[in-house]
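In case you want the letters, here they are:
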Amino acid sequence: MPQGQFSIVLSLIGSILLFGLVLFLAWFCTRWISKRFGLRTAAGGSKIKMLDRMALGADRSLVVVRLEDRVWLLGVTAHHVSKIDELDPEIFTEEELSQEEGSSHGVSAILSGSSNFAAALKNALKGRTSEKKNEKDKFDE
């Protein structure tokens with residue numbers, strides 16, 4: 001092998017090794033920074049858990065979220081997240097156990113004991129409108 005070709009091969013191998021070293025250092029620094037500043041990935045949160053999710057459309061869904069000892073039902077769209085209701089946390093101890101065994105009741109079984117989403121939504125909205133009515137009455141006094 002002529003000396004010119006040998007130097008090209010060595011240059012190519014060196015470039016590949018240098019590129020690998022840069023990738024390794026980028027990975028190592030990212031891990032070090034995340035540990036140092038306590039950053040976590042979206043899936044690795046330790047306090048917030050998404051228990052269930054139900055897609056309602058292309059960019060709409062219902063999400064059941066647990067934060068320590070509280071559980072919320074949230075409505076999520078592309079531009080907005082709204083709290084629909086706070087749910088009983090005791091329901092989800094059984095829910096989590098059944099999910100570990102491989103069966104899931106899903107969001108629809110959790111919504112106010114209703115198997116019909118429309119009825120559950122109606123119940124949630126009734127509670128909201130009565131709260132607003134009470135606030136309005138207090139304001140009028």
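Rules used throughout
Each chain carries its own residue numbering, running from 1 in the direction its sequence is written. Totals for whole chains, interfaces and linings use every residue, but because this is a predicted model, local features are given only for residues with pLDDT of at least 70 and side-chain atom pairs only at 80 or more, for both listing and counting. Heavy atoms from the whole structure form the basis of all side-chain values; hydrogens and water molecules are not counted. The secondary structure listing takes helices from DSSP runs of H or I that are at least 4 residues long and strands from runs of E that are at least 2 residues long, numbered from the N terminus. Between buried and exposed lies partly exposed: a residue is buried under 20% and exposed over 50% of the maximum accessible area for its type, with that area taken using a 1.4 Å probe on protein chains only. In this description, contact between two residues means that some pair of their heavy atoms is separated by no more than 4.5 Å. Each accessible area is a Shrake-Rupley result for a 1.4 Å probe, and residues are judged covered by the shown protein chains and nothing else. Pairing between two strands requires that DSSP report at least two bridges joining them. A side-chain nitrogen of Lys or Arg and a carboxyl oxygen of Asp or Glu constitute a salt bridge if their distance falls within 4 Å. For Phe, Tyr and Trp, rings pair up if their centres lie within 6.5 Å, where Trp contributes its six-membered ring, and each pair is then called stacked (planes under 30 degrees apart), edge-to-face (over 60) or tilted (otherwise). Angles here are taken between N-to-C directions and fall from 0 to 180 degrees, while the axes themselves are lines fitted to C-alpha atoms, restricted in helices to the stretch in contact. What is meant by a nonpolar core is a set of buried Ala, Val, Leu, Ile, Met, Phe, Trp, Tyr and Cys residues, joined one to another through side-chain atoms within 4.5 Å.

## Comments concerning the overall build of the protein
Piece 1. The secondary structure content of the protein amounts to four helices and four strands.
Piece 2. Taking all 141 residues of the protein together, the buried fraction comes to 17%.
Piece 3. Looking at the protein alone, contacts between residues at least 24 apart form 21% of all its contacts between residues at least 6 apart.
Piece 4. If you sum the accessible surface of the protein, you get close to 11,400 Å²; carbon and sulfur atoms cover 60% of it.

## Quick notes on the pairing of strand β3 (residues 70-76)
Piece 1. Here β3 lies mainly inside the structure; five of its seven residues are buried.
Piece 2. Two elements, strand β2 (residues 61-67) and β3, share seven bridges in a ladder whose sense is antiparallel. Within β3, the position partnered with serine 61 by the bridge is valine 76.
Piece 3. Counted along the chain from β2 to the antiparallel partner β3, the turn is two residues long, and its residue glutamate 68 has a positive phi close to 55°.
Piece 4. Looking at chain direction, β3 and strand β4 (residues 81-87) are connected through six bridges and run antiparallel. Bridge pairing in β4 places leucine 74 opposite lysine 83.

## Some points on the pattern of salt bridges
Opposite charge on two side chains lets them pair, provided their charged atoms get close.
Piece 1. One pass over the full model with this rule turns up one salt bridge.
Piece 2. With a shortest N-O distance of 3.0 Å, arginine 70 and glutamate 86 are connected by a salt bridge. Placement of arginine 70 in strand β3 and of glutamate 86 in strand β4 is noted, with a sequence separation of 16 residues between them.

## Describing the packing of aromatic side chains
Note on aromatic pairs: each is described by the distance of the centres and the angle between the planes.
Piece 1. For the structure shown, the criterion picks out two aromatic pairs.
Piece 2. Plain terms: the ring middles of phenylalanine 24 and tryptophan 27 are 5.9 Å apart, the flat faces sit at 35° to each other, and that makes the pair tilted. Here the residue phenylalanine 24 and the residue tryptophan 27 both occupy positions in helix α1 (residues 3-37), the gap between them amounting to three residues, near one helical turn.
Piece 3. You can call tryptophan 27 partly exposed: its relative accessible area is 49%.
Piece 4. For the pair phenylalanine 24 and phenylalanine 28, a centre-to-centre distance of 6.4 Å together with 20° between the ring planes defines the contact as stacked. One end of the pair, phenylalanine 24, and the other, phenylalanine 28, are both in helix α1, four residues apart, so they sit about a helical turn from each other.
Piece 5. Owing to a relative accessible area of 45%, phenylalanine 24 belongs among the partly exposed residues under this scheme.
Piece 6. With a relative accessible area of 45%, phenylalanine 28 lands in the partly exposed category.

## Re the sheet that holds β3
Piece 1. Read across the open sheet, the four strands follow the order β1-β2-β3-β4; overall the sheet is antiparallel. Sheet topology places β1 (48-55) and β4 at the edges, where each strand pairs with a single neighbour. Each adjacent strand pair in this sheet contributes to an overall mean axis angle of 25°, direction not counted.

## Here we look at the nonpolar core
Piece 1. In this structure, Leu51, Leu62, Val64, Val71, Leu73, Leu87 and Phe92 together form the largest nonpolar core, which totals seven residues.
Piece 2. For this core, the secondary structure elements donating two or more residues are β2 and β3.

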